[in-house]
Amino acid sequence: MQIEGSIFFVAAFLAGFAASQGAPQEDGVRKEPSLQKLFRNYFSIGFGSSVLDEPRSKLLRHHASVVTCENDLKIHRLRPGRDEWHWDKADAWLLWVESLGLEPVGHTLVWPHHMPRWVEELIADGAWTRAQALAWQRNHIQEVLLRYRGRIRTWDVVNEALGDESETVSDGVFLRRDPWSDLCGVDYVIEAFRAAREAAPDAVLIYNDYGLEGAAKRAQLFKLLKILEEAGCRPDAIGLQGHHNLEGYSTADIEQAICEIHAVGYPIHITELDISIHPSQTPPDAQSRGTIEAGPAAARKPLSREIAGRQAERYRDLFEVFLRHSDKIERVGFWNTDDANSWLNNFPVVGRPDYPLLFDERLMPKPAFFAVTDLVKMKRSD
Ligand code: GLA
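This write-up is about the structure you can find in this document. Since the structure is predicted, the reported quantities are computational estimates derived from the model, not experimental observations.

Moving on to the pattern of salt bridges. This structure, assessed with the given rule, holds 23 salt bridges. In this structure, Glu247 and Arg310 form a salt bridge, with 3.1 Å as the shortest nitrogen-oxygen distance. Of this pair, Glu247 sits in the loop between strand 9 (243–245) and helix 11 (251–263) while Arg310 sits in helix 12 (residues 305–324), and the two are 63 residues apart along the sequence. Where Lys328 meets Asp327, a salt bridge forms, and the shortest distance between an N and an O atom there is 3.3 Å.

Its 13 residues place the ends of helix 11 18 Å apart at the C-alpha level, agreeing with the 18 Å of an ideal helix rising 1.5 Å per residue. Here helix 11 has its buried residues at Ile254, Ala257, Ile258 and Ile261. Taken down its axis, helix 11 places every buried residue within 95° of arc, on the same side. Buried residues along helix 11 sit against helix 10 (215–230), strand 8 (237–240), strand 9, strand 10 (268–276), helix 12 and strand 11 (329–335). Looking at the residues trailing helix 11, positive phi occurs at Gly265, about 105°.

By convention here, two paired aromatic rings are described through the distance between centres and the angle between planes. For the structure shown, the criterion picks out 17 aromatic pairs. With a centroid separation of 6.0 Å and an interplanar angle of 70°, the aromatic rings of Trp136 and Trp180 are classed as edge-to-face. On the criterion of sequence distance, the pair formed by Trp136 in helix 7 (residues 130–147) and Trp180 in helix 8 (residues 179–184) is long-range, its members being 44 residues apart. Across the pair, exposure class does not vary: Trp136 and Trp180 are buried alike. Every member of this aromatic cluster is reached through a ring pair, and the members are Phe39, Phe43, Phe47, Tyr315, Phe319, Phe322 and Phe334. A cation over a ring is seen here: Arg79 above Trp85, with NZ or CZ 3.8 Å from the ring centre. Note that Arg300 overlies the ring of Tyr355, its terminal NZ or CZ placed 4.4 Å from the centroid.

One finds Phe39, Trp155, Trp180, Phe319 and Phe322 to be the most contacted residues of the largest nonpolar core, which totals 106 residues. Ignoring any residue separated from it by four or fewer positions in sequence, one finds Phe39 in contact with Ile45, Phe319, Leu323, Val372 and Val376.

Cut-offs and rules
Counting restarts for each chain: residues are numbered from 1 in the order of the written sequence. Only residues with pLDDT of at least 70 get local features here, since the model is predicted, and only at 80 or more are side-chain atom pairs given and counted; chain-wide, interface and lining totals rely on the full set of residues. Excluded from the side-chain calculation are hydrogens and water; included are all heavy atoms of the structure. Within this document, salt bridges are pairs made up of a side-chain nitrogen of Lys or Arg and a carboxyl oxygen of Asp or Glu, the two lying within 4 Å of each other. By the criteria applied, helices consist of DSSP H or I runs no shorter than four residues and strands consist of E runs no shorter than two, each listed in order from the N terminus. How far a helix is expected to stretch is found by multiplying one less than its residue total by 1.5 Å. Using a 1.4 Å probe on the protein chains alone, a residue whose accessible area is under 20% of its type maximum counts as buried, one over 50% counts as exposed, and one in between counts as partly exposed. The reported arc concerns the directions from the helix axis to the C-beta atoms and nothing else. Note on definitions: a residue-residue contact is assigned when non-hydrogen atoms from the two residues lie within 4.5 Å. Between rings of Phe, Tyr and Trp, where Trp is taken as its six-membered ring, a pair exists when centres lie within 6.5 Å; planes separated by under 30 degrees are stacked, by over 60 edge-to-face, and by other angles tilted. Sitting over a ring, as applied to charges here, requires NZ of Lys or CZ of Arg to be within 6 Å of the ring centre and within 35 degrees of the ring normal. We call a set of buried Ala, Val, Leu, Ile, Met, Phe, Trp, Tyr and Cys residues a nonpolar core when their side-chain atoms join them within 4.5 Å.

Have a look at this one:
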């Protein structure tokens, strides 16, 4: 089994490497097999994207069934000033996804860690009570959902609420510390799902977070879900972001998270998959210099064969888990389309190139692409 796996892997690696050395695909016509077709019987394939150019549109049309709005529906983008709504970019993004014939995913209605600055200033000045803040949040959610009613049917309602014991504790749940959770406690999560359900009763409403592969944070998730269930505000699914690197969570950890969350009644969406080539530990001052926006890195060198091979192996291991549990997984979505466009080129260190995706900076498939496609082809021929 081990030997067969290694032979398969080396073959996939060489095939991928050869392909990634080839000339860019002429006329942007994609020649590699389509991810969404290959995985159609298992789960849908998504990408977080907001680069509306032609080559990436072609890539998405070929490989995706779902596209998540990378930034333009976030609250700090839609509400940069107290009486301002900036809809233009989100509207344009949605028209673009519709023009590609793909399913849009709204991300994200509430992300307490990235509230507009003016909101945080009001809170710091003590100008808002909890009730006022929650009423504002409710109004925000309803405005957004009503504007896109019938067009966006899947929403990340709350992003990254959970924290650890050193952060904000509310109703026995550890919340990530920020002014919003300090003011509103767990009520903001309950009220967000309540408002979203009222405005979009038929939408798929997701709670999305990172680190749920760790048992401690997952225990907090289960407490939060109990509170939401008791309040009659149950999400429809759980989003596992899936920002990984070459080490980090083992496949056993990831598998356990999928199984345990599904066992308590929630389908899984892998919402933001990427595999950084850098270790997760970063220089102590680097975090603050990073940005959450995708963007080009300074100088890019080709990825070494050794790292490309390790990354391919890691992707293959993850997809083995996803395929084994495809009855529990609705979607596997990548965060950004290609290495040139990844947010990780600017996080946690601005301008440090990263290579976390299946497509390189010329949008060519990498060894990791062939590792996952060969895996699913093998499964289909079983
Ligand atoms: C988090 C958020 C995403 C995105 C990524 C980085 O995972 O959920 O919206 O900002 O960080 O780009």
